[in-house]
Amino acid sequence: MDTPRDQGRPLRIIIIGGGIGGLCLAQGLRQAGIDDIVVYERDGSARGRMQGYRLRISPEGERALRQCLPRQAQDLLTATSNTRQEEGLAAYDEQLNPQWAPAFDDPRGDAPDKVDAVDRVTLRRILLADLDGVVRFGKRFTRYEQVDGRVVAHFADGGSDTGDVLVAADGANSQVRAQLRPADRAHDLGVRAILSRTPRVRAIEAGLPEVLRDRFVNVTGSNGLRLALMPMVFRTPPREAAERLWPGLGFDDTEDYYMSVFSVHREVLGLPDDSFFAMTGEELRELVLERTAGWHPHLHGVFAHAEAEETYPLALRATLPVEPWAPGNVIPLGDAVHTMPPTGGVGANTALRDAASLCRALTAVTRGERPLLDAVAEYQAEMVQYATEATNMSLKIAKWSMQKIDLNDKKLSQA
């Protein structure tokens, strides 16, 4: 490989992928005074494909966001975050009999500006704020090449761009990783999930009891089915908050809702993957209603009123083990290097930690404080440690909640 140009000069940074991690990195670099950056995103717009709904924000994730975002964006993040009602995770069986659940400590306590959950679309809009001209939509990355110590990114439309650094922030199906590390494959845990969203008012009208309304709820059925139910109750409606804090930053009208993740091992599901992933939102909703017909009536409204157009299938996968890429000018971030299941809600937070850490590393390079290869190696060493811990936690929660995943106990203990 050509030797990348060294430190002590401005860097042109190309970020492949305009998801949460890539955009957070772009914001952090801008705050650090690094302006020669560009983000290439395959989606045609900020809405793009379904990327999930509610996101849990850990203390580490919040810290990374506050390190990377300008103050105005931080204020908007706080204003549109989830209203805290109760802390912790509540667990039940399918007849709503209480079950044991793991406890989670949060050092932030009841801080009034605490951000512990956000709407994913709203967060992405905040991360896009003031990045006009930086983010280029509708650009599908195909390959890269090394030329004279720089990296050239090529796109499906025939275009290309040359930079000093290329960041692979293009998710679990990373095309950058496919070229650089073609043997890397995330481990299929055998669990198939259905993600959906139900308007909060409709779920409550349908009988969702008060005890389940304002906290993270896990329901594990005796038939191997599992439901995770998470409320998203905005402190301030996003459009109202934007009008007050960032006039001109257009937000959609968004109502309070519940995000639901219905999970089942594929052996219990009894459907081949090609059939399951071809199902429409309406068909997926009906599948959930059919499989949970014997569950407590108070839970039926969550499924019956789920928005079919916002209901999608998902396969749970994990990167085992998390390994660094060779230090160089092609650098991994987020799911491209450490895919993990949504159990535990740590995947996005780990990508945010990556963004803040990589921002510090690249800033040190531009200031002449570190050689690029040394800075990248240090970033990856730190990333591998905390990403491994996050993956372990998400896998252990998956094992507890699902009871069956395609990962034996020996592998789980070594993960």
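Model, not experiment: these values are computed from the prediction. (Residues numbered from 1 in each chain as written. Predicted model: local features only at pLDDT ≥ 70, side-chain atom pairs only at ≥ 80, totals over all residues. Heavy atoms only, no water.)

With mixed pairing, the seven strands of this open sheet are ordered in space as E5-E4-E13-E14-E15-E12-E16. The outermost strands of the open sheet, each flanked by one partner alone, are strand E5 (98-99) and strand E16 (312-318). Strands in contact with helix H10 (residues 281-291) are strand E12 (187-199), strand E14 (225-232), strand E15 (257-265) and E16; relative to E12, the strand with the most contacts, it is inclined by about 100°. (Pairing = 2+ DSSP bridges. Helix = DSSP H or I, 4+ residues; strand = E, 2+ residues; numbered from the N terminus. Contact = heavy atoms within 4.5 Å. Axes fitted to C-alpha atoms, helices over the stretch in contact; angles between N-to-C directions.)

Looking now at the pairing of E14. In terms of burial, E14 is largely enclosed, as eight of its eight residues are buried. A two-sided burial pattern is seen for E14, the buried positions comprising Leu225, Leu227, Leu229 and Pro231 on one face and Arg226, Ala228, Met230 and Met232 on the other. Across four bridges, strand E13 (residues 216-220) lies against E14 in antiparallel orientation. Within E14, the position partnered with threonine 220 by the bridge is arginine 226. Between E13 and E14, which pair antiparallel in sequence order, lie four residues; one of them, glycine 224, sits at a positive phi of approximately 85°. Examined bridge by bridge, E14 and E15 share eight bridges and lie antiparallel to one another. By the bridge assignment for E15, methionine 230 is matched with methionine 259. (Buried < 20%, exposed > 50% of the residue type's maximum accessible area, 1.4 Å probe, protein only.)

On to the UniProt feature "domain: FAD-binding" (unreviewed entry) in the chain. Following the UniProt record, the feature "domain: FAD-binding" (unreviewed entry) maps to residues 295-389 here. From the first C-alpha to the last, residues 295-389 spans 34 Å; its make-up is 48% helix and 11% strand. (UniProt positions renumbered as here; feature names shortened; annotations may be inferred.)

Neither face of strand E2 (residues 37-40) is exposed, since Ile37 and Val39 on one face and Val38 and Tyr40 on the opposite face are all buried. Note: strand E1 (residues 13-16) against E2, four bridges, orientation parallel. The partner of isoleucine 16 across the bridge, within E2, is tyrosine 40. In the classification by handedness, the crossover that spans E1, the intervening helix H1 (residues 20-31) and the parallel E2 is right-handed. Bridge count between E2 and strand E7 (residues 135-136): two bridges; the pairing is parallel. Across the sheet, tyrosine 40 pairs through a bridge with arginine 136, a residue of E7. (Right-handed = clockwise from strand over helix to strand, strands pointing away.)

The full count for this structure, using the stated rule, is 24 salt bridges. Put simply, glutamate 307 and arginine 197 hold a salt bridge, and the shortest N to O gap is 2.9 Å. Placement of the pair is glutamate 307 in the loop between helix H11 (297-304) and E16 and arginine 197 in strand E12, with a sequence separation of 110 residues. Pair check on accessibility: glutamate 307 and arginine 197 agree, each one buried. Within this structure, Asp188, Arg192, Arg266, Asp273 and Asp406 form a network of salt bridges that share partners. (Salt bridge = Lys/Arg side-chain N within 4 Å of Asp/Glu carboxyl O.)

A few words now on the side chain of arginine 12. Mapped onto the fold, arginine 12 is located in the segment before E1. A relative accessible area of 16% means that arginine 12 is categorised as buried. Here the side chain of arginine 12 touches threonine 162 through a polar contact of 3.2 Å, landing on its backbone oxygen. Contact partners of arginine 12, with chain neighbours within four places excluded, come to Asp36, Val38, Arg150, Asp161, Thr162, Gly163, Asp164 and Val165. (Polar contact = N/O pair within 3.5 Å; in protein donor to acceptor, adjacent residues only side chain to side chain.)

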